[in-house]
Amino acid sequence: MNAVSPSPSIRTLLPAQADLLVQARALVKRELPASLLLTQALRHGQWNTAEQAEIALLLGQSQLLEGHGGKAVSTWLAGLERAQGTGDRALIARLWLAVGDTHARSGDCETALRLHEHAIDLVPGAEQTLRSACRLALATDLLALQDTATSAALLWQIEQDGTTNWPASQFETLAELYRLHGRLTDALVYHDRAHQLHAQADCAAGSLRCLLRIGQLQQQLGQDGEAALHAALAQADALATHVLQADVHHELAALYEARGDHERALEHFDAFLARQPQAAATRHASSKRLAAIEMRLKLLTSEIELSQLREETLAGRQQLQKLENAAYRDSLTQLPNRRALNERLPDLLAAAEAGQPLSLLLLDLDHFKSVNDEYSHAVGDDVLVSAGELLRQECRDSDLPARFGGEEFVLVLPGVRLNDAMHTAERIRLRVRSQRWPAQPELALTVSIGCAEFLPGDNAEILLSRADLALYLAKRTGRDRVCTAPEH
Ligand SMILES: Nc1nc2c(ncn2[C@@H]2O[C@H](COP(=O)(O)OP(=O)(O)OP(=O)(O)O)[C@@H](O)[C@H]2O)c(=O)[nH]1
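Residues numbered from 1 in each chain as written. Predicted model: local features only at pLDDT ≥ 70, side-chain atom pairs only at ≥ 80, totals over all residues. Heavy atoms only, no water.

Looking at an unreviewed UniProt entry, one finds the protein chain named diguanylate cyclase, with Andreprevotia lacus DSM 23236 as its source organism. Regarding the protein chain, the relevant UniProt record gives this comment under Catalytic activity (unreviewed entry): "2 GTP = 3',3'-c-di-GMP + 2 diphosphate". (UniProt positions renumbered as here; feature names shortened; annotations may be inferred.)

Scanning the protein chain from terminus to terminus reveals 20 helices and five strands. Sorting the 488 residues of the protein chain into buried and exposed places 46% on the buried side. Summed over its atoms, the accessible surface of the protein chain is roughly 25,100 Å², and 52% of this surface lies on carbon and sulfur atoms. (Helix = DSSP H or I, 4+ residues; strand = E, 2+ residues; numbered from the N terminus. Buried < 20%, exposed > 50% of the residue type's maximum accessible area, 1.4 Å probe, protein only. Areas by Shrake-Rupley, 256 points an atom, 1.4 Å probe, with all protein chains shown as cover.)

Here helix α10 (residues 184–200) crosses helix α11 (residues 204–220) at 155°, and the two axes come no closer than 9 Å. As the angle between them shows, α10 and α11 are arranged roughly antiparallel. In this structure, α10 crosses over α11, and the sense of that crossing is left-handed. Contacts between α10 and α11 involve L184, A187, L188, H191, D192, A194, H195, H198 and A199 from the former and G206, S207, R209, C210, L211, R213, I214, L217, Q218 and Q220 from the latter. Looking at the contact of α10 with α11, its residues break down into nine nonpolar, seven polar and three charged. (Axes fitted to C-alpha atoms, helices over the stretch in contact; angles between N-to-C directions. Parallel < 35°, antiparallel > 145°, perpendicular 65-115°, else oblique. Left-handed = near helix turned anticlockwise from the far one by under 90°. Contact = heavy atoms within 4.5 Å. Nonpolar A, V, L, I, M, F, W, Y, C, P; charged D, E, K, R; others polar.)

Quick look at the UniProt feature "repeat: TPR" (unreviewed entry) in the protein chain now. Feature annotation in UniProt places "repeat: TPR" (unreviewed entry) on residues 93–126 and 246–279, given in this structure's numbering. Between the first and last C-alpha atoms of residues 93–126 the distance is 13 Å; the span itself is 79% helix and 0% strand.

One can find A139 in helix α7 (residues 128–144). Residue classification places A139 among the buried residues on the basis of a relative accessible area of 0%. Apart from residues lying up to four places away in sequence, A139 is in contact with S151, L154 and L177.

As a matter of local geometry, the ligand sits amid 16 residues, with H367, K369, N372, D381 and R403 nearest to it. Taking K369, its main chain carries an N or O atom lying 2.8 Å from an oxygen atom of the ligand. Within the side chain of N372, one N or O atom sits 2.8 Å away from a nitrogen atom of the ligand. Considering the ligand on its own, with 650 Å² of exposed area, one finds that the protein chains cover 68% of that surface. Counting only elements with at least two residues in the shell around the ligand, the list comes to β1 (358–365), α17 (368–375) and α18 (377–393). Ranked by the residues each element gives to the shell around the ligand, the list is headed by α18, at four residues. (Near = heavy atom within 4 Å. Polar contact = N/O pair within 3.5 Å; in protein donor to acceptor, adjacent residues only side chain to side chain.)

Using the criterion set out here, one finds 23 salt bridges in the structure. Close ionic contact of R427 with E394 constitutes a salt bridge, the shortest N to O distance being 2.6 Å. One end of the pair, R427, is in helix α19 (residues 418–434); the other, E394, is in the loop between α18 and β2 (400–405), with 33 residues separating them in the sequence. Linking R396 and D399 is a salt bridge whose minimum nitrogen-to-oxygen distance equals 3.9 Å. Judged by its relative accessible area of 7%, D399 falls in the buried class. A cluster of three or more residues bridged by salt bridges with shared partners is formed by D224, E226, R259 and R264. (Salt bridge = Lys/Arg side-chain N within 4 Å of Asp/Glu carboxyl O.)

Judged by how many residues are buried, strand β4 (residues 447–453) sits mostly within the fold: seven of seven residues are covered. Here β1 pairs with β4 via seven bridges, running antiparallel. Residue pairing in the sheet places L361 in a bridge with C451 of β4. Sheet topology note: the β4/strand β5 (residues 482–484) ladder contains three bridges and is parallel. (Pairing = 2+ DSSP bridges.)

Quick look at the pairing of β1 now. Most of β1 sits inside the fold, with eight of its eight residues counted as buried. Where burial is concerned, the two faces of β1 agree: the one with L358, L360, L362 and D364 and the one with S359, L361, L363 and L365 are both buried. Where β1 lies against strand β3 (residues 408–414), seven bridges are found, and the strand directions are antiparallel. Following the sheet pairing, L363 is matched in β3 by F409.

On to helix α4 (residues 69–86). With 18 residues, α4 should reach 26 Å at 1.5 Å per residue; the first-to-last C-alpha distance of 25 Å fits that figure. Its buried side turned inward, α4 meets α3 (49–65) and α5 (89–105). One or two positions beyond α4, positive phi appears at G87, with a value near 75°. (Expected span 1.5 Å × (residues − 1).)

Neighbouring strands of a sheet are bound in pairs by backbone hydrogen bonds; such pairs are parallel or else antiparallel. Across the sheet, five strands lie side by side as β2-β3-β1-β4-β5; this open sheet has mixed pairing. The open sheet has two edge strands, β2 and β5, and neither has a second partner. When strand polarity is set aside, the average angle formed by the axes of neighbouring strands in this sheet is 25°.

A few words on the confidence of the model for the protein chain. Of the residues in the protein chain, 85% reach a pLDDT of 70 or more, and the chain-wide mean stands at 84. Below a pLDDT of 50 lies the segment residues 1–11, which in the model reaches 41 contacts outside its immediate sequence neighbourhood of four places, other chains included. Scored as a complex, the prediction yields pTM 0.49 and ipTM 0.95. (pLDDT = per-residue confidence, 0-100.)

We note that Q334 has phi near 65°; this positive angle belongs to a residue other than glycine. Mapped onto the fold, Q334 is located in the loop between α15 (277–328) and α16 (338–353). Of note, D480 is a non-glycine position whose phi angle comes to about 50°, a positive value. If you trace the backbone, D480 turns up in the loop between α20 (460–476) and β5. When its relative accessible area of 15% is taken as the criterion, D480 is described as buried.

In terms of nonpolar packing, the biggest core is built from 49 residues, with W76, L95, W96, L97, W166 and L174 touching the most fellow members. Residues contacting L95, with those up to four places away along its chain left out, are A53, L57, W76, G79, L80 and A83. (Core = buried A, V, L, I, M, F, W, Y, C linked by side-chain atoms within 4.5 Å.)

Listed below in structure tokens is the structure:
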């Protein structure tokens, strides 16, 4: 419940309570906080049971105001024990009402509702004001328990009761009930009433609470809450309570922000933060954390984008590589094809023109047609793959083997003179002769090889044609041999 316990200030007390307080002061004769005064008065005075219960009620209210809710409940329960003996149902009801309020303040609205129901059942018929107070407590509990309809019905009954002699705290509770029901104008009226009563009773904390609410409500109703909020701030400064000052500064910051007066809004927001060191630290930490998270997210996004890009680029490169491979590699033997040879030869020939020796072998498998014819085209393919592999194995890194077309291969040998080239050619010829072809183990194959060495002024075409001539000679002179062109 949002109710605020009655101030023990004498002007807010029932006449009997005020009388007791005066007696207690006379007895103790010292300026003491209310709870100490009443404890001493209870201990040293000659009170009847009803008076003891009434003092317990007052003492509990003082303890609650001083922030000792637990002590207050114990005091009221002790007071209830005494009150039971008196048979004073109104007093018992007031004690249960107070205990219920404490539960409501701690958020246990179900227990509060049970205790408040018990209290209202005890209220004697003539006690209209007390019944209305119990209804107010019940209406607040019910609203907290989401039973808006019953709460509104009780509020209507309270209005019918027309009670006017409540203490400030009950008007404040009523105002809060109106606010929670969305009846802001009524809430404003009763907060104003409560504020006046608090002011009369010199209850600065109550006054401040009401002024803060008045300012908020005026804002919500489109009125100017500035004056109320500044009055609240003056009260908060007088009380020097950081929490209350922070609340008011927060409201003022919101007010100026809504007005577009950002300078003043910032001023009050800073004041709010300054009075909430922990909250400020948390806020700072959380905003830093938020920034870090945002940054991390950005990085993550760009990392993802980057890796996607990398993947795409990689995929693109691989695709390109594949295309290049397809364009420059023979699909059957995976050796460089004729196009690759045509593109690389000019550079190699330029080096040869510059003085580096270069030789070229043209290799042609003998009677290859018969392999296809006798064993099948597929066996012919496999033999070509094996022949390509053999050629690769016979190469150095600097050599360039290629499939020239059909059953013809080329081997470019940079840095190699004709004689050495012919030795290489001979080695290859012998390997082909002795090769066991996996696709057809009983197959015996031979190769004819034409050799040509680069001569100054040669281009690719001339060099190849000389090698071709040498190959022709090898074929013409019986195959399975290595020949050179006539010039050599
Ligand atoms: N299986 C297969 N056969 C091929 C391929 N490319 C060319 N050939 C065959 O190779 C044979 C070449 O035959 P020819 O040019 O007549 O010469 P050859 O039978 O090798 O006889 P000589 O060269 O005179 O010793 C043809 O039958 C072509 O079909 C290929 O990629 N796969």
